[in-house]
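Here is what each chain is made of, one letter per residue.
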Amino acid sequence: MNNQYYSKLIFELSHEGRRGYSLPDNEFKEYDLASMPQNLLRQQEPDLPQVDELTVVRHYTNMSNNNFGVDTGFYPLGSCTMKYNPKINEEICAMPAFSGLHPLQQENTVQGALEVYYNLQRSLAEISGLSEFTLNPYAGAHGELTGLMIMRSYHMSRNDSKRTKVIVPDSAHGTNPASAAVCGLEVVVVKSRPDGTVDVDDLQPLLGDDIAGMMMTNPNTLGIFEHDIAKIAQLVHDCGGLMYYDGANLNPMLGKCRPGDLGFDIMHINLHKTFSTPHGGGGPGSGPVGVRAGLEQFLPNPRVKRTEGDDWYQYSIENTDSALGSISSFLGNFAVIMRAYTYILTLGRENLAQVGPLATLNANYIKESLKDCYELPLKGVCKHEFVFDGLKDKSTGVTTLDVAKRLLDYGFHAPTIYFPLLFHEAMMIEPTENESKETLDAFIEVMRKIAHEAATDPELVKSAPHHTPVRRLDDTKAALKQIVTFAELRQAEL
Amino acid sequence: MSYKYFPHTPSDIRAMLNTCGEKSLDDLYKDIPNGLILKREYDLPHAMSEVEIRRFFNDLGEYNRPLTCFVGAGCYDHYSPSVINTIISRSEFLTSYTPYQAEISQGTLQYIFEYQSMIASLTGMEVSNASMYDGCTATAEAMMMAVAATKKRTKVLISATLNPIVTRVVETYAKFHGITTDIIAQEGGVTSRDDFERKVAAGDVAGVIVPAPNFYGIVEDYTGWADFCHSHKTLLIMNCVASALGAIKSPGEWDADIAVGDGQSLGIPMNFGGPYVGFLATRKSLIRKMPGRIVGATTDADGQRAFVLTLQAREQHIRREKATSNICSNESLMALYVTIYMALMGSKGLKEVNELGYSGAHYLAEQLCQTGHFSLAFPDKPFLNEFAVKTSLPISDLQDFCAELGMQFGLKISDDTLLICVTEMRSKTEIDMLTDVIKNFIESAEEGKK
């Protein structure tokens, strides 16, 4: 379907003299930009394309045809919670009464927006079992960093400057140790037991008066609930540390379990995972951070507060000195916040409670249906996701990467691969609550077919994909050539 | 229990549980200690239909008042071509993840490559990353990048004329990352050259952050600044308003090392503060120190040109605590937004936007000064489309008065100073109306005195 011409780079569609915009006439020509001192003005024009409007529309429309989204098909990407992005959310967040607001307007002109912000704070507190939230962080990793800043601010406020280490399980998302490093903390790794959960015996000797806290995700990245969580939280608290919950895997907990009730003190939530806001090809997301009572004074500026009297209430934007500082321009990704609040109101208490169990059912169903042809290292019930360690039959030479690429040929997105690092051929599968039994059955059938192909025609799988817009890419060449702009591409030979 | 977002019928659930060897959905949670299971309903509202959702937000929207905007300070009311919304709403872009599976993500990868090319060109730098959260965090990342690039140095200087919203975020990151920050003083609305040279000459400075244009809308003269920095092995970081780079001298032309800023001014709706997009561009020699995603060109198994995430060995999912940054997403959809904007506008359109803003702002400045109650805070300094004025009028009362009549008149930045912005969105009629409203306020204030 794709048109070769329009799929070129936009720069290759440029023709001198074409334009894609119109602007009003200048009504104040007597004030001329050219009168600014010449050495302050740009001498060399930026090299931007010159294209008409229809060319721009066709170009990007053709490019979109080379993309796969949740609206295209099943997207079992582990730890990413690729759930359906309801269309009503898009409609609501685009309402001009909200989207047209400048973030520095006077408070009395933005009370509706502040109410959305405040109510989402309260809703997340209820769902997570924590006390107060900020919605300012822009993404999960940003939330982690903010949460760790809260952890450090807490210790600093008690003049406890020794606590410079944070404990992270070996199964953790890579962002956990990276966020800790950005926050000036040293990472201490705790090992997993053969069943995939944190080894409490390995944890105990790590605890001491230099521990700021511990980061965990629960269920962990293997989809296993950390059954010793109460004991772990107690041990960390006893040594004076705080417990941080990475909310990437919150989806299966909805309706069943709250991080605050498990002993966690600080957490972030990925609104683009659990609360259905679109991933947008890698953002914008939103990573609200919640804290238990006693830590709210450290939440970043600015904060949204509600004041009420007998027959009135109003919202205000506040900054305090006890806060850790600011981590965002304004009040976070407000349009994402609008979508998440719409989602919570749409589902309501009764349907939100079904999200966790149905997502968990879907994951277990795939796991049980495929464990005879894919290696299942951890038996027993999983939560929202689980990990296969590649094909059961390792003699064919077909790797997890090959299986992932072959799935693309059949119109499915691939699982997360080679993560977590505990297994060599990891294949992490996460279906969400929105997928029907028929969709899962179709996926299971294709996965079995690929296992069969691996046994009978391994080359077919190893050379996949065959039916995608492009074939398997040369990653090494990209890293070697480092061609990252059109200017460089023009100079180089690929 | 049937619900529009859940396709499961009771018989589906029975059959699936059967496959799993379980009897009920509750059994799927039997591995969780019973005391940790939530045994009550959430204290949240009941489900709403779309009819009720629309009514709810329509009602709530009544408590907002979008105003004719004469304020900037980091968020600008620019023209947004209707093409953009149509394209970014395409679900192939909107509902996809980070492009890990390159064979079915060429749409995303190609627009990021175009974005990187356009940002590099707009800033006059050699390379750009795939975008960042916002201008503030991009500036903080640039600070950490400078510290990593200069090794052993942990001090960064920030101009006093940088938008204080950016400064606050940079200072927060610095505090936790073990970086010392110091402010370069301002003199008459611009960064003090003497203070800059004195502090850089100390020889322990990793980077210097200066704005273009600055918080007061002034376009500063940085002639010789980069040379001075480089002779002391210090990096020059320039925080820019993206749109302004269509007219004012680019960081590359000033010979800066890192260009950062917010891309919101490239047509992104104000959205009460987000989502926007941060940009970060630099020299090719610093590419391995750059945070965030990078897309590169390569070929596929058939030899045809294609795009892929590259240089991932810098990143958190591989390097973990040794990564250049903890960033794992970019602000991809907003990068697409500004890419389409720049494609439509071209360099001529960007320049025209600046000409219109410049003309409108200077017209308004003159109208305000003619009332006799305002004067330019920095009368001898060249400004683009934002300017600071001093006034003896009660600023908050005046702003409330204007808001009642549907106008956001500037940002109060001190007891007697307002920061005002005019973009191509403001017509002469609107500006004259604002001036009339202000005159009415002055008249009624003077009558009140009598």
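As the structure is a prediction and not an experimental result, all values here were calculated from the model.

Thresholds, definitions, all that
- Residues numbered from 1 in each chain as written.
- Chains lettered and ligands numbered in written order.
- Predicted model: local features only at pLDDT ≥ 70, side-chain atom pairs only at ≥ 80, totals over all residues.
- Helix = DSSP H or I, 4+ residues; strand = E, 2+ residues; numbered from the N terminus.
- Buried ≥ 20, exposed ≤ 12 C-beta atoms within 10 Å, placed from the backbone.
- Contact = placed C-beta atoms within 7 Å.
- Rg over C-alpha atoms; globule rule 2.2 N^0.38 Å.
- Pairing = 2+ DSSP bridges.
- Nonpolar A, V, L, I, M, F, W, Y, C, P; charged D, E, K, R; others polar.
- Core = buried A, V, L, I, M, F, W, Y, C linked by C-beta atoms within 7 Å.
- Domains from an automatic or database assignment.
- Expected span 1.5 Å × (residues − 1).
- Axes fitted to C-alpha atoms, helices over the stretch in contact; angles between N-to-C directions.
- Parallel < 35°, antiparallel > 145°, perpendicular 65-115°, else oblique.
- Left-handed = near helix turned anticlockwise from the far one by under 90°.
- Right-handed = clockwise from strand over helix to strand, strands pointing away.
- pLDDT = per-residue confidence, 0-100.

Describing the overall build of chain B
Scanning chain B from N- to C-terminus turns up 13 helices and 17 strands. Taking the principal axes of the C-alpha coordinates as reference, chain B spans close to 85 × 60 × 50 Å. The buried share among the 450 residues of chain B stands at 59%. Considering only intrachain contacts with a sequence separation of at least 6, the fraction spanning at least 24 residues in chain B is 72%.

Description of the overall build of chain A
Looking only at helices and strands, chain A has 14 helices and 12 strands in total. Computed over the C-alpha atoms, the radius of gyration of chain A is 26 Å, within 12% of the 23 Å expected from 2.2 N^0.38 for a compact globule of 494 residues. If you line up chain A on its principal axes, its C-alpha atoms span 75 × 70 × 45 Å. In chain A, buried positions account for 58% of the 494 residues. Nonlocal contacts in chain A, meaning residues at least 24 apart in sequence, comprise 73% of its contacts between residues at least 6 apart.

What to know about the pairing of strand β12 (residues 426–429) of chain A
Residue and element names in this part refer to chain A. Along β12, one buried face is formed by Ala-426 and Met-428 and the opposite face, lined by Met-427 and Ile-429, is buried too. Relative to β12, strand β10 (residues 386–389) is paired through 4 bridges, and the arrangement is antiparallel. When the sheet's bridge partners are listed, Phe-388 is paired in β12 with Met-427. Relative to β12, strand β11 (residues 416–417) runs antiparallel, the two being bridged by 2 bridges.

Brief notes about the interface of chain B and chain A
Many authors give the size of an interface as the accessible area that is lost as the parts come together. Between chain B and chain A, the contact holds 168 residues from the first and 172 residues from the second. Sort the elements by how many residues they give to the side of chain B that touches chain A and helix α11 (residues 332–370) of chain B lands first, with 22 residues. Residue composition of the side of chain B that touches chain A, grouped by class: 85 nonpolar, 50 polar and 33 charged.

Describing the nonpolar core
Within soluble globular proteins, side chains that are nonpolar generally end up buried alongside one another. Among the nonpolar cores identified, the biggest contains 305 residues, and Tyr-244 of chain A together with Met-143, Ala-146 and Ile-237 of chain B are the most heavily contacted of them. Those residues within four positions of Met-143 of chain B in sequence are excluded, and the remaining contacts are Val-156, Val-170, Tyr-173, Ala-174, Ile-179, Gly-207 and Ile-209 of chain B.

As for the domain arrangement of chain A
Residues and elements named next belong to chain A. When the domains of chain A are assigned, the result is domain 1 (10–64), domain 2 (88–346) and domain 3 (356–477). Placing the centre of domain 2 and that of domain 3 at their C-alpha centroids yields a distance of 31 Å. In this complex, domain 2 contributes 18 residues to the contact, which on the side of domain 3 involves 15 residues.

Quick word on the environment of Met-82 of chain A
By the element assignment, Met-82 of chain A lies in the loop between α1 (53–64) and α2 (87–93). Met-82 of chain A sits 191 residues away from Lys-273 of chain A along the chain, and the two C-alpha atoms are 6.6 Å apart. The contact partners of Met-82 of chain A, leaving out residues within four places of it in the chain, are Val-70, Tyr-75, Leu-77 and Thr-432 of chain A together with Tyr-97 of chain B.

Structural notes on helix α6 (residues 135–149) of chain B
Relative to the 21 Å expected for 15 residues at 1.5 Å per residue, α6 of chain B spans 21 Å between its end C-alpha atoms, a close match to the ideal helical length. Just beyond α6 of chain B, the residue with positive phi is Lys-151 of chain B, at close to 50°.

So, unusual backbone geometry
Residue Pro-420 of chain A is reached from Phe-419 of chain A by a cis peptide bond, and omega for that bond is -5°. Counting through the fold element by element, Pro-420 of chain A comes out in the loop between β11 and β12. A positive phi is found at Ser-131 of chain B, a non-glycine position, where the angle reads about 105°. Along the chain, Ser-131 of chain B turns up in the loop between β2 (127–128) and α6. Despite not being glycine, Leu-311 of chain B shows a phi value in the positive range, around 50°. Note that Leu-311 of chain B resides in the loop between β12 (305–309) and α10 (316–319).

Comments concerning the packing of α1 of chain A against α11 of chain B
To characterise two packed helices, one gives the angle between the axes of the helices and the distance between these axes. The contact between α1 of chain A and α11 of chain B brings their axes to 9 Å, and the two run at 150°. In this view, α1 of chain A runs roughly antiparallel relative to α11 of chain B, as classed from their interaxial angle. Where α1 of chain A crosses over α11 of chain B, the handedness of that crossing is right-handed. Between α1 of chain A and α11 of chain B, the residues in contact are Glu-53, Val-56 and Tyr-60 of chain A and Ile-340, Ala-343 and Leu-344 of chain B, respectively. Residue composition of the contact of α1 of chain A with α11 of chain B, by class: 5 nonpolar, no polar and 1 charged.

Looking at the sheet that holds strand β13 (residues 374–376) of chain B
Residues and elements named next belong to chain B. Spatially, 4 strands are ordered β13-β14-β17-β16 in an open sheet, and the strand pairing comes out antiparallel. Both edges of this open sheet fall to β13 and β16 (411–414), since each of them pairs with a single strand only. Each adjacent strand pair in this sheet contributes to an overall mean axis angle of 40°, direction not counted. Both β16 and strand β17 (residues 417–421) contribute to a ladder of 3 bridges, which runs antiparallel. Bridge pairing in β17 places Lys-412 opposite Leu-418.

Remarks on the domain arrangement of chain B
What the domain assignment lists for chain B is domain 1 (10–54), domain 2 (68–77 + 346–449) and domain 3 (82–341). Put simply, the middle of domain 1 of chain B and the middle of domain 3 of chain B, counted by C-alpha atoms, are 44 Å apart.

What about the sheet that holds strand β4 (residues 180–184) of chain B?
Residue and element names in this part refer to chain B. Within the open sheet, the 7 strands sit side by side as β2-β10-β9-β8-β7-β3-β4. Their pairing is mixed. This sheet does not close on itself; its edge strands, each paired only once, are β2 and β4. Taken together, the 5 bridges between strand β3 (residues 155–159) and β4 define a ladder with parallel strand orientation. Bridge assignment links Lys-155 to a residue of β4, and that residue is Thr-180.

What to know about the packing of helix α4 (residues 111–128) of chain A against helix α9 (residues 334–370) of chain A
Residue and element names in this part refer to chain A. Across the interface, α4 lies against α9 with an axial gap of 10 Å and an inter-helix angle of 60°. The orientation of α4 relative to α9 falls into the category oblique. The crossing of α4 and α9 is left-handed. Taken together, the residues of α9 that come into contact with α4 (itself represented by Ala-113, Val-116, Tyr-117, Asn-119, Leu-120 and Ser-123) are Phe-334, Ile-337, Met-338, Ala-340, Tyr-341 and Ile-344. Taken together, the residues of the contact of α4 with α9 break down into 10 nonpolar, 2 polar and no charged.

A word on the environment of Val-461 of chain A
Residue and element names in this part refer to chain A. Summarising the element assignment, Val-461 is placed in helix α12 (residues 458–462). Spatially, the C-alpha atoms of Val-461 and Leu-401 are 9.6 Å apart, while their sequence positions differ by 60 residues. Residues contacting Val-461, with those up to four places away along its chain left out, are Val-398, Asp-402, Val-403, Arg-406, Ile-450, Glu-453 and Ala-454.

So, the pairing of β3 of chain B
All names here are of chain B. Of all 5 residues in β3, 5 are buried, a share of seventy percent or more. Here β3 shows no split at all, with Lys-155, Leu-157 and Ser-159 on one side and Val-156 and Ile-158 on the other all buried. Taking the sense of rotation as the criterion, the β-α-β connection linking β3, helix α7 (residues 164–177) and β4 turns out right-handed. Two elements, β3 and strand β7 (residues 205–212), share 4 bridges in a ladder whose sense is parallel. Each bridged residue has a counterpart across the sheet, and for Ile-158 the counterpart in β7 is Ile-209.

What to know about helix α5 (residues 106–123) of chain B
In this model, α5 of chain B (18 residues) spans 25 Å end to end at C-alpha, consistent with the 26 Å of a helix rising 1.5 Å per residue. Among the 18 residues in α5 of chain B, 18 count as buried, and that is most of the element.

Considering the confidence of the model for chain B
Residue-level pLDDT values for chain B average 96, and 99% of them are 70 or greater. Interface scoring of the predicted complex returns ipTM 0.97; its pTM is 0.97.

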